[in-house]
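Working through the structure, step by step
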Amino acid sequence: EPEVTQTPSHQVTQMGQEVILRCVPISNHLYFYWYRQILGQKVEFLVSFYNNEISEKSEIFDDQFSVERPDGSNFTLKIRSTKLEDSAMYFCASSTQGYGYTFGSGTRLTVV
Amino acid sequence: AQTVTQSQPEMSVQEAETVTLSCTYDTSESDYYLFWYKQPPSRQMILVIRQEAYKQQNATENRFSVNFQKAAKSFSLKISDSQLGDAAMYFCAYRSLNQGGKLIFGQGTELSVKP
């Protein structure tokens, strides 16, 4: 069964550093997403991406965040200057035109 | 804006028994999708079951079934013959029918299964 692949599984970074979280969505999916889950809390939508541009973003997705699909297969989330409160599990997901929605296994980001 | 509410932070069930997790939602849309996701300690998000709002028939996947009450905006998950492996956090989620619609999650219900 096709999978969404995320790397790394765990990243530790110093506050103020830039991080890039990587995702390889399912190849025939058209919509790509990033979600965030702070430990013990609910899963929150960050951004959706379609046709090489952002289609929707949440209030959380401020100027510190950016996404891109640099080579037609990878889908990345960049956090420009990390803060302690960015520590969370970050999930990538992709979907078809229907409601098929597949999550990756997540990247645990720890900001110290 | 749509909201999803899970009013049970924790639930417990005896192995082989049946448990029902509650979920309510609010929307002004007439058509949409609803989902239950399971998140085990590994924290991966695993799709358990999904329901299209235009379908009156409740979805069923093996031991998992839903009770979808559209007028009441209620979407509960029933787990029959509970197994130790069912222990996890369960999230209810809503998705608009719009192409590429985001998922809106509830707060989650932590299910424990007692042997």
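Right above here is the structure, for reference.
Residues numbered from 1 in each chain as written. Chains lettered and ligands numbered in written order. Predicted model: local features only at pLDDT ≥ 70, side-chain atom pairs only at ≥ 80, totals over all residues. Heavy atoms only, no water.

**Describing the overall build of chain A**
The helix and strand tally for chain A stands at zero helices and 11 strands. Reading the helices (α) and strands (β) of chain A from amino to carboxyl end gives β-β-β-β-β-β-β-β-β-β-β. Here the C-alpha radius of gyration of chain A, 13 Å, is about what a compact globule of 112 residues would show, namely 13 Å. Projected onto its principal axes, the C-alpha coordinates of chain A cover approximately 40 × 25 × 25 Å. For chain A, the proportion of its 112 residues judged to be buried stands at 43%. Of all intrachain contacts in chain A linking residues separated by at least 6 positions in sequence, the fraction that spans at least 24 positions is 52%. Accessible surface, chain A: about 5600 Å² in total, of which carbon and sulfur atoms supply 44%. Here chain A contributes 9 positively and 13 negatively charged side chains, and the mean placements of these two sets differ by 3 Å. (Helix = DSSP H or I, 4+ residues; strand = E, 2+ residues; numbered from the N terminus. Rg over C-alpha atoms; globule rule 2.2 N^0.38 Å. Buried < 20%, exposed > 50% of the residue type's maximum accessible area, 1.4 Å probe, protein only. Contact = heavy atoms within 4.5 Å. Areas by Shrake-Rupley, 256 points an atom, 1.4 Å probe, with all protein chains shown as cover. Lys, Arg positive; Asp, Glu negative; His and termini not counted. Charge placed at Lys NZ, Arg CZ, Asp CG, Glu CD.)

**Details of the state of the cysteines**
Residues and elements named next belong to chain A. Under the defined criterion, the tally for this structure stands at two disulfides over all chains. Through a disulfide, Cys-23 is tied to Cys-92; the S-S separation comes to 1.9 Å. Residues Cys-23 and Cys-92 are joined through a disulfide that is left-handed, its torsion about the S-S bond being -65°. In this pair, Cys-23 sits in strand β3 (residues 19–24) while Cys-92 sits in strand β9 (residues 88–95), placing the two residues 69 residues apart along the sequence. (Disulfide = S-S within 2.5 Å.)

**Quick look at the environment of Asn-62 of chain B**
The topology assignment puts Asn-62 of chain B in the loop between β7 (60–61) and β8 (64–69). Between the alpha carbons of Asn-62 of chain B and Ile-49 of chain B there is a distance of 9.9 Å; along the sequence they are 13 residues apart.

**Here we look at the interface of chain B and chain A**
Between chain B and chain A, the contact holds 20 residues from the first and 25 residues from the second. Carbon and sulfur atoms supply 54% of the area that chain B and chain A bury against each other, a total of about 2000 Å² over both sides. For the salt bridge of Lys-102 of chain B with Glu-56 of chain A, the shortest nitrogen-to-oxygen distance reads 2.8 Å. Mapped by element, the contributors of at least two residues to the side of chain B that touches chain A are β5 (32–39), β6 (46–52), β10 (88–96) and β11 (103–105) of chain B. A class-by-class count of the residues in the side of chain B that touches chain A yields seven nonpolar, eight polar and five charged. (Buried area = accessible area lost by both parts, 1.4 Å probe. Salt bridge = Lys/Arg side-chain N within 4 Å of Asp/Glu carboxyl O. Nonpolar A, V, L, I, M, F, W, Y, C, P; charged D, E, K, R; others polar.)

**Concerning the sheet that holds strand β1 (residues 5–7) of chain A**
Residue and element names in this part refer to chain A. A sheet is described by the order of its strands in space; here four strands give the open sequence β1-β3-β8-β7, paired in antiparallel fashion. The outermost strands of the open sheet, each flanked by one partner alone, are β1 and β7 (65–68). In this sheet, neighbouring strand axes are inclined to one another by 15° on average, regardless of whether the strands run parallel or antiparallel. The pairing of β7 with strand β8 (residues 75–79) spans four bridges and is antiparallel. Across the sheet, residue Val-67 finds its bridge partner in β8, namely Leu-77. (Pairing = 2+ DSSP bridges. Axes fitted to C-alpha atoms, helices over the stretch in contact; angles between N-to-C directions.)

**Brief notes about the packing of aromatic side chains**
Residue and element names in this part refer to chain A. Applying the stated criterion across every chain yields a total of 24 aromatic pairs over all chains. Aromatic pair Tyr-33 and Tyr-101: ring centres 4.6 Å apart, planes at 25°, arrangement stacked. On the criterion of sequence distance, the pair formed by Tyr-33 in strand β4 (residues 31–37) and Tyr-101 in strand β10 (residues 101–103) is long-range, its members being 68 residues apart. Comparing Tyr-33 with Tyr-101, the two get one shared label, buried. (Phe/Tyr/Trp six-rings, centres within 6.5 Å; stacked < 30°, edge-to-face > 60°.)

**What to know about the pairing of β9 of chain A**
Residues and elements named next belong to chain A. With respect to burial, β9 is a largely interior element, eight of its eight residues being buried. In the sheet, β4 pairs with β9 via seven bridges, with the strands oriented antiparallel. Following the sheet pairing, Tyr-33 is matched in β9 by Ala-93. For β9 and β10, the ladder comprises three bridges, and the chain directions are antiparallel. Across the sheet, the residue bridging to Ser-94 is Thr-102, located in β10.

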